[in-house]
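# Structural characterization, general
Listed here are the chains, written in short residue letters.
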Amino acid sequence: MSARNSHLAVVGSGIAGLFSTLLAAEAGLRVTLVTKGALAQSNTHFAQGGICAVLGPGDAAPGDTVEAHIADTLKAGAGQCNPDAVRILCGEARADIAALERFGVVFDRDARTGRRALGLEGAHSAARILHAGGDATGAAIADGLIRAVRDAQELGTVTILEHSFVSDLVLDAGRVAGISLLTQDGGRRKLPADSVLLASGGAGQLFDFTTNPAVATADGLAAAWRAGAAVADLEYFQFHPTALAVGGHFLVSEAVRGAGAVLRDSTGTAFMSRYHPEADLAPRDVVSRSIAAHLSSMGAAAGETVFLDATGVEDVRGAGYLARRFPTIAARTRELGFDWTSQWLPVTPAAHYWMGGVATNLDGQTSLPGLYAAGEVACTGVHGANRLASNSLLEGLVFGRRAVDSFVQSTAPGFASAWDGASPVPVGRPPRQEEVAVKVPYGGGLPGWPGPAPARAGGARPVPLTRQALQRLMGAHAGVVRNAAGLQEAARQLAVWRQEAAGLARQPATQAEAELANLLLGAELLVRAALARSNSAGAHCRSDFPQVPAPGRGPHPQVQGPHAPVRPASGDDAHLPTSLPVLESETV
């Protein structure tokens, strides 16, 4: 096999998938880009704040360094990051930003200097956030890359399959050898490939309050798990603190707080300084937990929110600044009847980003030969327990490129895989595919956990499994703050649904059915991981186990699939830490 006759199937059309596709085509690979919707339907397209990088001399903010970006990422990750992955992410950012521009992405420029404009966001020690179209960075990046991919399609170097849902991975003698597709017309087909790169995004649709689009349904994670791939860090799900509490949970970028906006309660009190020395610019997990804690301390009624006050921003930055810098937010708030130059916006934490995912090494290789992963679906450990703002788009670039490079190298004669089970993300390995194919169909979940579904109390009405019912369950019991009682209640209901789903055919008839099955599996995996963590770090906050773990990433949990429970690697202290107390999480 050589690069020229090797076929790579890329699943997903966010930044990781699009960028990887272009690089693979440039390397001479045969590339098929598969997405379940249109190319523009991705989390990337909705990203507002920007993408962070320390640029070269004369372009970076005064005094900013790659070492400072590394330090900020490690701090935001609550001591749980993979330091090697962080050094790669921050150290290689500048070159990948240049590659983005080579593919036609245009970043905003400072009108005075002509240099790329740099913004400040929460938990960053310097202004290093590049943006495009003001607050439409994700859309600008996605649109630029989509144009480049369409051009490659015209040249015949890329094949694009839109509206094609990846229902499962195809294995041959234990190696991933392609993908099974459910097409828009209900047809089924298999696409053979020498390797598959999952870049399918996250799973915000697990929760009732989310900033993610409807397509974020854990599809890649679920397919990888069913095939036997190892997963890690699934208890770490980040909630963005400032989604609009009305109008579909539209995200209000923390770049707005970077520009000077503050959070207030219903009495007008700016409360964040009570909870963290960086106040409104604290890391996301801290701000989300602080909102929950503050509302609780006030005895707030169910549904009561806090407010984002941007009314003083233009006093400092000049009239018209908000509309110029944040045109998308300005337009959306205006549609909802708000003038945010004079009115506070009601905001609430909403599910935003899954730090956990399919475990990979630093080159995107998973525990399954022939399977790579990059972007939100993957877990290198780069984000630790909490992602630093604007590192997600960068992650898609850096680790998508490294995955493509790894696959290209694998086409060389005599190449041996670098995955050895002791990668920078040490995780367990699920059963072989021969077992999974029989024991873990769409209707089967995690055998042996949490046990047989309990009988319903007399007269209790069953709750049918729907996306909305699952979202409400997860929002109530697996959200910003969790405890054993709530997680166990979620586990019991998930077990009921799993039992009811046991009779489903292995292949759902429609994409909607497949997405719901994937969400159910994703919920089971998340709740299982959350219950196993008896301390707190970052975005996983256990109110019944608030103790802070020892410094350092430490051993990772052994995720061993349907035939074994999640157990620590060695001793009680080997549990992967899950979150820190509201008041102290980022100050230790």
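About the criteria used
- Residues numbered from 1 in each chain as written.
- Predicted model: local features only at pLDDT ≥ 70, side-chain atom pairs only at ≥ 80, totals over all residues.
- Heavy atoms only, no water.
- Helix = DSSP H or I, 4+ residues; strand = E, 2+ residues; numbered from the N terminus.
- Contact = heavy atoms within 4.5 Å.
- Areas by Shrake-Rupley, 256 points an atom, 1.4 Å probe, with all protein chains shown as cover.
- Phe/Tyr/Trp six-rings, centres within 6.5 Å; stacked < 30°, edge-to-face > 60°.
- Buried < 20%, exposed > 50% of the residue type's maximum accessible area, 1.4 Å probe, protein only.
- Pairing = 2+ DSSP bridges.
- Polar contact = N/O pair within 3.5 Å; in protein donor to acceptor, adjacent residues only side chain to side chain.
- Axes fitted to C-alpha atoms, helices over the stretch in contact; angles between N-to-C directions.
- Disulfide = S-S within 2.5 Å.
- Left-handed = near helix turned anticlockwise from the far one by under 90°.
- Core = buried A, V, L, I, M, F, W, Y, C linked by side-chain atoms within 4.5 Å.
- Nonpolar A, V, L, I, M, F, W, Y, C, P; charged D, E, K, R; others polar.
- pLDDT = per-residue confidence, 0-100.
- Salt bridge = Lys/Arg side-chain N within 4 Å of Asp/Glu carboxyl O.

### Quick word on the overall build of the chain
Counting its regular elements, the chain contains 17 helices and 20 strands. The long-range fraction of contacts in the chain, counting pairs at least 24 apart against all pairs at least 6 apart in sequence, stands at 75%. Accessible surface, the chain as shown: approximately 21,000 Å² in total, 54% of it carbon and sulfur.

### Description of the packing of aromatic side chains
Tallied over the entire structure, the rule returns 10 aromatic pairs. Geometrically, the ring pair formed by Phe207 and Phe237 is edge-to-face, given 5.1 Å between the ring centres and 65 degrees between the ring planes. With Phe207 in the loop between strand S10 (195–198) and helix H7 (219–227) and Phe237 in strand S12 (residues 237–244), this pair connects stretches of sequence that are 30 residues apart. With a relative accessible area of 1%, Phe207 lands in the buried category.

### Here we look at the pairing of strand S15 (residues 345–354)
In terms of residue burial, S15 counts as a mostly covered element, since 10 of its 10 residues are buried. Across 6 bridges, S12 lies against S15 in antiparallel orientation. Within S15, the residue paired with Leu244 across the bridge is Val347. Two strands pair when backbone bridges link them, and strand S14 (residues 306–309) and S15 are joined in this way by 3 bridges, in the antiparallel orientation. Across the sheet, Leu308 pairs through a bridge with Leu345, a residue of S15.

### Quick notes on unusual backbone geometry
A positive phi angle, near 70 degrees, is found at Ala123, a position not held by glycine. Topologically, Ala123 is positioned in the loop between strand S4 (118–119) and strand S5 (129–130). For Ala123, a relative accessible area of 13% translates into the label buried.

### Concerning helix H4 (residues 83–91)
Along H4, the residues classified as buried are Ala85, Val86, Ile88, Leu89 and Cys90. For H4, the elements touching its buried residues are helix H3 (66–76), helix H5 (93–102) and helix H13 (392–410). Near the N-terminus of H4, the side chain that reaches the backbone nitrogen of Asp84, with its oxygen 3.1 Å away, is that of Asn82.

### Re the environment of Leu531
Looking at the secondary structure, you find Leu531 in helix H17 (residues 511–532). The spacing of Leu531 and Ala478 is 53 residues in sequence and 9.8 Å in space, taken between C-alpha atoms.

### Concerning the sheet that holds strand S7 (residues 164–172)
Taken in spatial order, the 3 strands make up an open sheet running S7-S8-S9, and their pairing is antiparallel. In this open sheet, the two strands that pair with only one neighbour each are S7 and strand S9 (188–192). For this sheet, the mean angle separating the axes of adjacent strands, direction not counted, is 30 degrees. For strand S8 (residues 175–183) and S9, the ladder comprises 5 bridges, and the chain directions are antiparallel. Note on S9: the bridge partner recorded for Gly178 is Pro192.

### A look at the state of the cysteines
For the coordinates displayed, the defined rule picks out 0 disulfides. Unpaired in terms of disulfides, Cys52 finds its nearest cysteine sulfur in Cys90, a separation of 7.0 Å.

### Details of the sheet that holds strand S3 (residues 51–52)
Across the sheet, 3 strands lie side by side as S3-S5-S4; this open sheet has antiparallel pairing. A strand with exactly one partner marks an edge of an open sheet, and here the two such strands are S3 and S4. Where S4 lies against S5, 2 bridges are found, and the strand directions are antiparallel. Pairing of Leu118 across the sheet is with Leu130, part of S5.

### Some thoughts on the environment of Ala203
Inspection of the secondary structure puts Ala203 in the loop between S10 and H7. In this structure Ala203 comes out as buried when scored by relative accessible area, which is 0%. Taking C-alpha positions, Ala203 is 9.0 Å from Leu221, a pair spaced 18 residues apart along the chain. Aside from chain neighbours lying at most four places away, what touches Ala203 is Asn212, Ala216, Thr217, Ala218, Phe237, Trp354 and Glu376.

### Concerning the side chain of Thr32
Looking at the element boundaries, Thr32 is found in strand S2 (residues 30–34). Using a relative accessible area of 7% as the deciding quantity, one classes Thr32 as buried. Of the polar contacts made by the side chain of Thr32, one reaches the side chain of His7; its length is 2.8 Å. Excluding residues within four positions of it along the chain, Thr32 makes contact with His7, Leu8, Ala9, Val10, Thr159, Leu161 and Leu191.

### A word on the side chain of Ser13
If you trace the backbone, Ser13 turns up in the loop between strand S1 (7–11) and helix H1 (15–26). For Ser13, a relative accessible area of 3% gives the class buried. Of note is the side chain of Ser13, whose polar atom sits 3.1 Å from the side chain of Thr35. A distance of 2.8 Å separates a polar atom in the side chain of Ser13 from the backbone oxygen of Leu39. In this structure Ser13 touches Leu18, Thr35, Ala38, Leu39, Gln41, Ser42 and Ala199, once residues within four positions along its chain are discounted.

### Description of the packing of H1 against H13
Running from amino to carboxyl end, H1 crosses H13 at an angle of 35 degrees, the nearest separation of the two axes being 8 Å. Viewed along their axes, H1 and H13 form a crossing whose handedness is right-handed. Residues Ile15, Ala16, Phe19, Ser20, Leu23 and Ala24 of H1 touch H13, and the partners they reach there are Leu393, Gly396, Leu397, Gly400, Arg401 and Val404.

### A look at the nonpolar core
Ranked by size, the top nonpolar core spans 58 residues in total, and within it Ile51, Leu100, Phe107, Ile141 and Leu145 carry the most contacts. The next biggest cluster of nonpolar side chains, apart from the first, holds 56 residues, and it includes Val176, Leu191, Ala193 and Ala224.

### Things to note about the packing of H1 against helix H6 (residues 137–155)
Packing of H1 against H6 brings their axes to within 10 Å, and their N-to-C directions diverge by 30 degrees. Where H1 crosses over H6, the handedness of that crossing is left-handed. For the pair H1 and H6, the contacting residues are Ile15, Leu18, Phe19, Thr21 and Leu22 in the first and Ile141, Ala142, Leu145, Ile146, Ala148 and Val149 in the second. Residue classes in the contact of H1 with H6 are distributed as 10 nonpolar, 1 polar and no charged.

### Considerations on the confidence of the model for the chain
Put simply, the chain has an average pLDDT of 87, and 85% of its residues get 70 or more. Here residues 560–588 is a poorly scored stretch, pLDDT under 50, and it has 109 contacts once near neighbours within four places are set aside; other chains count.

### A few points about the pattern of salt bridges
In this structure the tally under the stated criterion is 26 salt bridges. The salt bridge involving Glu92 is made with Arg402; its shortest N-O contact spans 2.9 Å. Here Glu92 is found in the loop between H4 and H5, whereas its partner Arg402 is found in helix H13, with 310 residues between them in sequence. Using a relative accessible area of 23% as the deciding quantity, one classes Glu92 as partly exposed. Connected via shared salt-bridge partners are Glu92, Asp96, Asp363, Arg401, Arg402 and Asp405.

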